[in-house]
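Structural description and commentary
Now for the letters of each chain:
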Amino acid sequence: MKELLENIIKGIVKNPELVKIVEYTNDDEIVFEIHVDPQDVGQIIGKDGRTIKSINTLLTAAKKDENTKFLLKVIR
Amino acid sequence: MNIKIREKQFEGKSIDLAFDEAVKYYGVSPEEINFEVIQQPKKGFLGIGNKSAIINAFLNEKYLMNKLNEFLNSILEHFDGDFNYSINFQGKNVLVRMEGDGLGKLIGKYGRTIGAMQHILSIFINRLSSTKIDVNLDVGEYRRKKKEKIYEIVDNAIRRLNEETEKIELAPMFSYERRIVHEYVRRQYPHLETESIGLEPYRKVIIKLTKSHIKA
């Protein structure tokens, strides 16, 4: 899943080489901390959070285990 | 109109050599580059009056197509199922069609996953190109069937329009569905007007008789 997330994010930012993703589990949630170049933060979140929601939708659609939930955190 | 990405001029003793410079600069395969000749090379006498070749090169839609293909592949390999897809460029529109087994997950509830995928592909491709490009994604003809369903809803609603009922509100729809309604009414019922009202996610279309029509 982390790889999928990384592929998507690297595809839509200006500076893919500055993308770093940290994954950890919190209870029944998988949390992804997304670190990107500050000028790419807006691009990832999108208008009204549409882009980050779309990314979450894709992750959720691709997951193998029905019960996993994803939380995406964009870190400035 | 042609898609021109990262336009830049290159110089060389001949057009071929200028083109080689462009290939080296972009680091892509030659068929992904198009160019226009700005200046033909000219040989002067004893090196006096020499003119080098200048070309205006840019990456073409083949480049975008290959990039999109690569990106889509890197996403789809994480989905279970056996799909294939086709990418078609028509001017500034890209149509991505997917077929195969296990498409349900790619469609999602109410087509939510298609919408998300289309949004991401659109951002991906518009980051590469300075010309605005529209991306349309159809999974297993879901979109086409959905469109027909919407046409049916609109036709039924319009039948209820009459002297007393001057406008009709449709149920809330996603933005791409609302666009289908607007386009369909404009095309099929030019004497009617459409408008979107309300806030997402409850935004909906109203269809109404135009003023000129009421007077007539």
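A brief structural summary. (Residues numbered from 1 in each chain as written. Chains lettered and ligands numbered in written order. Predicted model: local features only at pLDDT ≥ 70, side-chain atom pairs only at ≥ 80, totals over all residues. Heavy atoms only, no water.)

Details of the side chain of His-119 of chain B
When you line up the elements, His-119 of chain B lands in helix α4 (residues 112–128). What makes His-119 of chain B buried here is its relative accessible area of 14%. Non-local contacts of His-119 of chain B, meaning those with residues more than four positions away in its chain, are made with Arg-50, Thr-51 and Ser-54 of chain A. (Helix = DSSP H or I, 4+ residues; strand = E, 2+ residues; numbered from the N terminus. Buried < 20%, exposed > 50% of the residue type's maximum accessible area, 1.4 Å probe, protein only. Contact = heavy atoms within 4.5 Å.)

Some details on the sheet that holds strand β3 (residues 53–59) of chain B
All names here are of chain B. The three strands lie next to each other as β1-β3-β2, forming an open sheet whose pairing is antiparallel. Edge positions in the sheet fall to β1 (5–12) and β2 (33–39), since each has one partner strand and no second. On average, each strand axis in the sheet is tilted by 25° relative to the strand beside it, whichever way the strands run. Relative to β3, β1 runs antiparallel, the two sharing six bridges. By the bridge assignment, Ile-5 is partnered in β3 with Leu-59. (Pairing = 2+ DSSP bridges. Axes fitted to C-alpha atoms, helices over the stretch in contact; angles between N-to-C directions.)

Considerations on the side chain of Ser-54 of chain A
Tracing the sequence through the fold places Ser-54 of chain A in helix α3 (residues 50–62). With sequence-adjacent residues up to four places away left out, Ser-54 of chain A is seen in contact with Ala-116, His-119 and Ile-120 of chain B.

Structural notes on the sheet that holds strand β1 (residues 20–26) of chain A
All names here are of chain A. Sheet architecture is open: three strands sit in the order β1-β2-β3, paired in mixed fashion. Each edge of the sheet is formed by a strand with only one pairing partner; in this case those strands are β1 and β3 (69–75). Geometrically, the sheet is characterised by an average inter-axis angle of 20° between neighbouring strands, direction not taken into account. Taken together, the seven bridges between strand β2 (residues 29–35) and β3 define a ladder with parallel strand orientation. The partner of Ile-30 across the bridge, within β3, is Phe-70.

Description of the interface of chain B and chain A
Contact with chain B, which involves 17 residues of that partner, is made by 20 residues of chain A. Here chain B packs against chain A, burying approximately 1700 Å² in sum over the two surfaces, 64% of which is carbon and sulfur. Between chain B and chain A we count one salt bridge in total. A salt bridge links Lys-64 of chain A to Asp-80 of chain B, with the shortest nitrogen-to-oxygen separation between them at 3.7 Å. Inspection of the chain B/chain A interface yields six residue pairs in polar contact (both at pLDDT 80 or more). Looking at the side of chain B that touches chain A element by element, the count peaks at nine residues for α4 of chain B. Across the side of chain B that touches chain A, the residue classes tally to eight nonpolar, four polar and five charged. (Buried area = accessible area lost by both parts, 1.4 Å probe. Salt bridge = Lys/Arg side-chain N within 4 Å of Asp/Glu carboxyl O. Polar contact = N/O pair within 3.5 Å; in protein donor to acceptor, adjacent residues only side chain to side chain. Nonpolar A, V, L, I, M, F, W, Y, C, P; charged D, E, K, R; others polar.)

So, a nonpolar patch on the surface
A contiguous nonpolar surface patch, about 430 Å² in accessible area, is contributed by Phe-45, Leu-46 and Ile-48 of chain B. Within the secondary structure, Ile-48 of chain B is located in the loop between β2 and β3. (Patch = residues over 30% accessible without salt bridge, like charges linked within 9 Å, V, L, I, M, F, W, Y side chains within 5 Å. Areas by Shrake-Rupley, 256 points an atom, 1.4 Å probe, with all protein chains shown as cover.)

All quantities given are derived from atomic positions and should not be read as evidence of function.
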